Amino acid sequence: MSRYINIHESWKVLLEKEFEAEYFKSLKQFLQEEKAKYIVYPPGNQIFSAFDHTPFDKLKAVIIGQDPYHGQGQANGLCFSVSTGIAKPPSLNNVFKELLSDLNIPIASTGNLEPWAKQGVLLLNATLTVRANHPGSHQKKGWEKFTDAVIKSISDNKKGIVFLLWGNFAQTKENLIDLNKHFILKAAHPSPLARGAFFGCKHFSKTNKILEHQNIQPIDWRIS
């Protein structure tokens, strides 16, 4: 296996066929060419951070994003998350506002969502890389096929996972999930463009109720 693929062993075993597939080899070639000419986010050692922070056997919930942030220092491999010390983007601010309303958790000073990931929340972007200052620039290059395979593998090999699908794009992934085995919570995207439709979804408390009903430790949604 290529040294390029730096990912937690539990996922590496599960996704071995994807890494050896022709589309993934083409994706790697594309990324090498991009990096030779442009700045690419997140840094190479953070591309698979979502998987490294959330091993397969620890998985409790999945939040699906679309594309990494494309500004300097923002993307850290976790959807909706930004690196410590980076200003919170508007969508993430709205996520924290809903958290305050839902569970009375004060808005965090940092937008780094690693504490969620370490508790079993897979923060998965459909596309795992982006060219600096060019949103969507790495879409339809192979990443979506890979992350669709991730979602399908979770659906096939796990039970009782809570999928939080925010916005129309994330909700297109519903057909990859076995509704007889898993739970889906749907809401508008937290982006300001949704004009507040995300607010009131109470997905954080709902997720914990579903986990508790299965005798699974709930998520501590605080970012300290």
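Provided above is the structure to which this section pertains.
Report on the accompanying structure. Treat the numbers as computed from the prediction; the structure is a model and nothing was measured. All residue numbers refer to position in the chain's written sequence, counted from 1. In view of the model being predicted, local features appear only for residues whose pLDDT reaches at least 70, and side-chain atom pairs are presented and counted only at 80 or more, with totals across whole chains, interfaces and linings using the full set of residues. To get the side-chain values, take all heavy atoms of the structure and skip hydrogens and water.

Okay, the pattern of salt bridges next. Only one rule defines a salt bridge in this text: a Lys or Arg side-chain nitrogen within 4 Å of an Asp or Glu carboxyl oxygen. Enumeration over the complete set of coordinates arrives at seven salt bridges. The salt bridge partner of Lys-25 is Glu-22, with a shortest N-O separation of 3.6 Å. Residue Lys-25 and its partner Glu-22 are located together in helix α3 (residues 22-37), separated by three residues, close to a single helical turn. Only protein chains enter the accessibility calculation, which uses a 1.4 Å probe. A residue is then buried if its area is under 20% of the maximum for its type, exposed if over 50%, and partly exposed in between. Here Glu-22 falls in the exposed class, since its relative accessible area comes to 57%. Per the convention used, a helix needs a DSSP run of H or I reaching at least four residues, while a strand needs a run of E reaching at least two, with both numbered from the N terminus.

This next bit is on the pairing of strand β5 (residues 162-166). For a regular strand, side chains alternate in direction, first toward one face of the sheet and then toward the other. Here β5 lies mainly inside the structure; five of its five residues are buried. Neither face of β5 is exposed, since Val-162, Leu-164 and Trp-166 on one face and Phe-163 and Leu-165 on the opposite face are all buried. A pair of strands is labelled paired if DSSP reports no fewer than 2 bridges between them. The pairing of strand β2 (residues 61-65) with β5 spans three bridges and is parallel. Residue pairing across strands places Ala-61 opposite Val-162, the latter belonging to β5.

Our focus in this paragraph is the pairing of β2. Of all five residues in β2, five are buried, a share of seventy percent or more. Examined bridge by bridge, β2 and strand β3 (residues 121-125) share five bridges and lie parallel to one another. Counterpart to Ile-64 in the pairing with β3 is Leu-124.

Another point: the environment of Asn-94. With respect to the helices and strands, the residue Asn-94 is situated in helix α5 (residues 90-103). Judged by relative accessible area, which is 10%, Asn-94 ranks as buried. Residues Asn-94 and Asn-215 lie 121 residues apart in sequence; the distance between their C-alpha atoms is 30 Å. Only heavy atoms matter for contacts: two residues are in contact if any of them lie within 4.5 Å across the pair. Setting aside residues up to four positions removed in sequence, Asn-94 forms contacts with Pro-190, Ser-191, Pro-192, Phe-198 and Phe-199.

This part takes up unusual backbone geometry. Here the residue pair Tyr-41 and Pro-42 is connected by a cis peptide bond, since its omega of -10 degrees sits within 30 degrees of zero. Within the chain, Phe-80 stands out as a residue other than glycine whose phi angle is a positive 70 degrees. Within the element layout of this structure, Phe-80 appears in the loop between β2 and α5. Positive phi values are uncommon outside glycine, yet Lys-140 reaches one of about 60 degrees. Position of Lys-140 relative to the elements: it lies in the loop between β4 (130-131) and α7 (143-157). For Lys-140, a relative accessible area of 79% corresponds to the exposed category.

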